[in-house]
Structures are given as C-alpha cells and as structure tokens.
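# Structure assessment
One letter stands for each residue in the lines below.
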Amino acid sequence: MSLFKKFFSKKSLGELKKQSRLDYEKAIKGINKKSSLGFRLRLANRAKVNIEKTFLEAVKLTEEYELLKESYLAENKSLENLELPRLVDPYQLISTDNGVVVSFIPEEYAEEIFKLGCSYQNCSIAGDKAISIGQGILDKICFELEINKEIDVLEFLATEDDEKPSGDVEKKTAPGES
C-alpha cells in the first residue's frame, strides 16, 4: 500500500467532508490566484455527480414516504409522526478509479436539487423541466468555478422521457399476445 493511500485511508469521513468543502471554497476564492483548471474541472464534474445522486436520493426518499403514507392511510393511522423527506447534507460519496471521494456543493444548491427530485417524483414537474432547472444549478456552479465547458446533468431523465409512449393511452396486451 502506498504512503498516500495509507494516509488517505486514515482520514475520517468528517475530515474528508471538511476537506471537500475547503477545496470548493478555495477554488472559488482562489480564482484570482488561478487554481488549476484541472482542479476546478474535477470539482465541477464531482458537482455533477453530487447533483445527480442528491436528485436520485430525493426521488427514492419521496417514493418511500408516499408508500408509507399510503399504508398509514389504509390503516387509519395518524400522519402526524410521518416526517417529510429532507436533505441530510450537501455531501455525496463518489466512487472513482482512485477510490471513494467526497463531493460538496453549497447547501442552497443541494437543497434546491433535493426539492427538485421530490417534485419530480410527485409528478409536480416534468423531466425536461427538471433537467432545465438542474442544468441551471450546475451552470451556476461552473460559473463560480470559472469553467467554460458545458457539462450536462440529469441526462437520464431525457432518456426516461424518450421511452414513454407519445400518446395519452398506452396499448395493453393480454399475456401471450404480441
């Protein structure tokens, strides 16, 4: 095991989160000192993955909440103790070729993405609108990092929208029919 890996693996998750936030803030504040483009691109790409993971986390938690809510209603239980899904923190663990890294995006962006995922899961917002809003947030991050490269986010929603039938009525066939 290399010296770097030994040192890196001994850091706690809290320390890695703190370092991730510091890296982001250093890249934004250090623009005048010209942080390396590679460093800023790496942060922008991590932000993309962070946004996508936060969005999917919100979708999953909203689905679980709705299922639980349905069961509570079916059993005539009170919904008072049922907590709405909420963002835990603006960090995400990302697997890379070199191991796992922690990605940070500012809390206000993470919260906005989480709400976007919840709205998408509740069918309050269409996939193309969710892509547009998510792209706007990533564009803000890229602007802060002075990245002039277009990085697309939430592309998987476009794929899902393309797979849906174009008509309002989906033709259903009986088992064994084609």
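About the thresholds
- Residues numbered from 1 in each chain as written.
- Predicted model: local features only at pLDDT ≥ 70, side-chain atom pairs only at ≥ 80, totals over all residues.
- Heavy atoms only, no water.
- Helix = DSSP H or I, 4+ residues; strand = E, 2+ residues; numbered from the N terminus.
- Buried < 20%, exposed > 50% of the residue type's maximum accessible area, 1.4 Å probe, protein only.
- Contact = heavy atoms within 4.5 Å.
- Expected span 1.5 Å × (residues − 1).
- Phe/Tyr/Trp six-rings, centres within 6.5 Å; stacked < 30°, edge-to-face > 60°.
- Lys NZ or Arg CZ within 6 Å of the ring centre and 35° of its normal.

### What to know about the environment of Tyr24
- Relative to the helices and strands, Tyr24 resides in helix H2 (residues 13-29).
- Classification of Tyr24 by relative accessible area gives buried; the value is 3%.
- Residues Tyr24 and Pro106 lie 82 residues apart in sequence; the distance between their C-alpha atoms is 8.8 Å.
- Aside from chain neighbours lying at most four places away, what touches Tyr24 is Leu43, Phe104, Pro106, Tyr109, Ile141, Glu144 and Leu145.

### Some details on helix H3 (residues 37-74)
- Helix length check: H3, at 38 residues, gives a terminal C-alpha distance of 55 Å against a target of 56 Å (1.5 Å per residue), a fit within 8%.
- Looking one or two residues past H3, Asn76 carries a phi angle of roughly 55°, positive in sign.

### Examining the packing of aromatic side chains
- For the structure on display, the rule yields 4 aromatic pairs.
- Residues Phe55 and Tyr120 carry aromatic rings whose centres are separated by 5.6 Å and whose planes lie at 45° to one another, so their mutual orientation is tilted. Note that Phe55 is positioned in helix H3 and Tyr120 in helix H4 (residues 107-121), a separation of 65 residues in sequence. Across this residue pair, the class does not change: Phe55 and Tyr120 are buried.
- Relative to Phe104, the ring of Tyr91 lies with its centre 5.3 Å away and its plane at 45°, an arrangement referred to as tilted. You can see Tyr91 sitting in strand S1 (residues 91-96) and its partner Phe104 sitting in strand S2 (residues 99-104), a full 13 residues away along the chain. Here Tyr91 and Phe104 have matching classes, each one buried.
- Ring pairing ties together the aromatic residues Tyr24, Tyr91 and Phe104, which thus form one cluster.
- In this structure, Lys77 packs its charged tip against the face of Tyr72, placed 5.3 Å from the ring centre.

From the geometry alone we can't say anything about function, so treat these as descriptive.
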